[in-house]
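# Structural description and commentary
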Amino acid sequence: MDGSEGPYNAGMTEHDTPDDSSFRRAGPRQLAAAMQDARHYTLALFDAFDAAGYGVPAQVPRLSIINPPLWELGHTAWFGEWFVLRDATGSHPGEAHGHSLLARGDDWFDSNTVAHRTRWTLDLPAPGALKTYCREVQDRILDRLAREADDDAALYPYRLALAHEDMHGEANLYTLQTLGVAPPGLDGHVSGGSGVTGAGGIAGVGGVVATSGEIAFAGGSFVRGGDQSRGFVFDNERRAAACRVAPFSIDAGLVSNGAYLAFMRDGGYQRPEYWSEAGRAWLMAQERSAPRYWRRGDDGGGAGSGGSAGNGGGAGNDGWHVVRFGRRIALDLEEPVRHVTLHEAQAWCSWAGRRLPQETEWEFAAVQGHPDFRWGQLWEWTASGFLPYEGFAADRYREYSAPWFGTRQVLRGASFATPARFRSARFRNFFTPERDDIFSGFRTCAL
Ligand SMILES: [Fe+2]
């Protein structure tokens, strides 16, 4: 807690200006480079899965939270073909022109019509043939992009295809975590703070120390949502509207493993009074007593006999380890707690006498430019359900937002796996409350 500064109201920016790296206002040349970078990363991710034996769909566990990597590869290229090369006016069958370069491309890779559970048993082309398809689509897209004017309407499908590929890139990274496979080029770095700035422009893998302290904001009015006057805006960010925020105090950084461990030591998982009704139901179904990827020193993996402090190389971590991309490392008390559900975040708040921020508070804080407000390490659960802003209208990728309103919770920020070009204080991510395979954490507000 740091109440000495007084409320912060220095920079009442009406709209943050996306920095030069944002895809939202990227021109044709910048977009071409970004699309090549994204595709390079997509292919590297597939190769990482393939090397681990997951290149064949039948070898991939049938989990509701992942797709077979081969399907992801084809789907990513197909999406760009649909919206850019086939000039789709919408996402429904018949709303794109012509045919896919793959005779059965629409039958295999349209996420609207190919049921999730069937993606393991499709008669897909071999990896080599799908890579050729990816290259052919990419070449044609880049060829066309080179002739486009720097015009928002003309560039919309390219920006959409790039955003889609970047989102799938991050989804692939949490699939790697789910399957316990090391990310491409990250060997030996998944637990460190050295970061990975190669393919995909990933900003760093973990290791960023949680910021302590709290920032008091005086509140006031600001423009919430995406600026539709220029550049790319996701449909769920519209319409931008003036919004008033009451004074609030918010953590400068994310809740740390150490702070979360204190809740566990206090019997947090055994005390129903801290859990919401939905949280108690989840807890009963999971029999969970720690975050998804936490392991004790004595539950396998040869990491010692468990017990006393200091075991496992982290003083005071009670012998806890975490599993990162298949490797066990000692729990670092200073790092933000990661891979937690909304239920766990809410229970921690209840125990600590805190609350999650509303998404509008989070956005207000992020656009003020306060030097201590740090975000982008992990997606942050908010107190807000995913709902449309007033005036919402679905864009041509109609299933991006509309089907999910009312059943998902908003997460704000970005994660270490989010490319720099994708990061925006306006972006609204959304998942169901029980998801903890994603790169999720949380910060809190004073009650
Ligand atoms: Fe997709």
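Owing to the predicted nature of the structure, the values given are computational and were not obtained by experimental measurement.

Further remarks concern helix H1 (residues 28-51). Counted at 1.5 Å a residue, the expected span for H1 with its 24 residues is 34 Å, and the 34 Å between its end C-alpha atoms agrees. Directly beyond the C-terminal end of H1, a positive phi value near 90° is found at Gly53.

Attention now moves to the sheet that holds strand S10 (residues 409-413). Within the open sheet, the four strands sit side by side as S11-S10-S9-S12. Their pairing is mixed. Bordering the open sheet on either side are strand S11 (429-431) and strand S12 (440-441), each of which pairs with just one other strand. The pairing of S10 with S11 spans three bridges and is antiparallel. By the bridge assignment, Leu411 is partnered in S11 with Asn429.

This part is about the nonpolar core. Across soluble globular proteins, nonpolar side chains have a tendency to be buried as a group. Counting residues in each nonpolar core, the largest one holds 99 residues, and the members touching the most others are Leu173, Tyr260, Phe263, Met264, Trp294 and Phe442. The leading source of residues in this core is helix H5 (residues 152-179), at twelve residues. Not counting residues up to four positions away in its chain, the partners in contact with Phe442 are Leu254, Val255, Tyr260, Val337, Val340, Ala345, Trp348, Leu356, Glu380 and Trp381. In terms of nonpolar packing, the next biggest core, distinct from the first, is built from 16 residues, Cys243, Trp362, Ala366 and Val367 among them.

Moving on: the packing of aromatic side chains. The full count for this structure, using the stated rule, is 43 aromatic pairs. One cation-aromatic arrangement involves Arg119 over Trp71; the distance from NZ or CZ to the ring centre is 4.0 Å. Above the ring of Phe373, the side-chain terminus of Arg443 is found at 4.1 Å from the ring centroid.

Strand order in the open sheet formed by three strands is S5-S6-S7, with antiparallel pairing between adjacent strands. Unpaired on one side and paired on the other, strand S5 (294-296) and strand S7 (327-330) mark the two borders of the sheet. The sheet shows a mean angle of 40° between the axes of neighbouring strands, direction not considered. Pairing between S5 and strand S6 (residues 320-324): three bridges, direction antiparallel. Looking across to S6, one finds that Arg295 is bridged to His321. Relative to S5, helix H6 (residues 257-265) is tilted by about 60°, and along the sheet it contacts S5 and S6.

This part takes up the pattern of salt bridges. Oppositely charged side chains can pair when the atoms bearing their charge come close. If you walk through the whole model with that rule in mind, you get 29 salt bridges. A salt bridge links Arg86 to Asp106, with the shortest nitrogen-to-oxygen separation between them at 2.8 Å. Of this pair, Arg86 sits in the loop between helix H2 (69-85) and helix H3 (105-109) while Asp106 sits in helix H3, and the two are 20 residues apart along the sequence. Accessibility expressed as a relative area gives 5% for Arg86, which makes it buried. Overall, Asp106 belongs to the partly exposed group, its relative accessible area being 27%. The salt bridge partner of Asp318 is Arg265, with a shortest N-O separation of 2.8 Å. One end of the pair, Asp318, is in the loop between S5 and S6; the other, Arg265, is in helix H6, and 53 residues separate them in sequence. When salt bridges that share partners are traced, they join Glu359, Glu363, Arg412, Arg426 and Arg428 into one network.

Each value, and the rule that gives it
- Residues numbered from 1 in each chain as written.
- Predicted model: local features only at pLDDT ≥ 70, side-chain atom pairs only at ≥ 80, totals over all residues.
- Heavy atoms only, no water.
- Helix = DSSP H or I, 4+ residues; strand = E, 2+ residues; numbered from the N terminus.
- Expected span 1.5 Å × (residues − 1).
- Pairing = 2+ DSSP bridges.
- Core = buried A, V, L, I, M, F, W, Y, C linked by side-chain atoms within 4.5 Å.
- Buried < 20%, exposed > 50% of the residue type's maximum accessible area, 1.4 Å probe, protein only.
- Contact = heavy atoms within 4.5 Å.
- Phe/Tyr/Trp six-rings, centres within 6.5 Å; stacked < 30°, edge-to-face > 60°.
- Lys NZ or Arg CZ within 6 Å of the ring centre and 35° of its normal.
- Axes fitted to C-alpha atoms, helices over the stretch in contact; angles between N-to-C directions.
- Salt bridge = Lys/Arg side-chain N within 4 Å of Asp/Glu carboxyl O.

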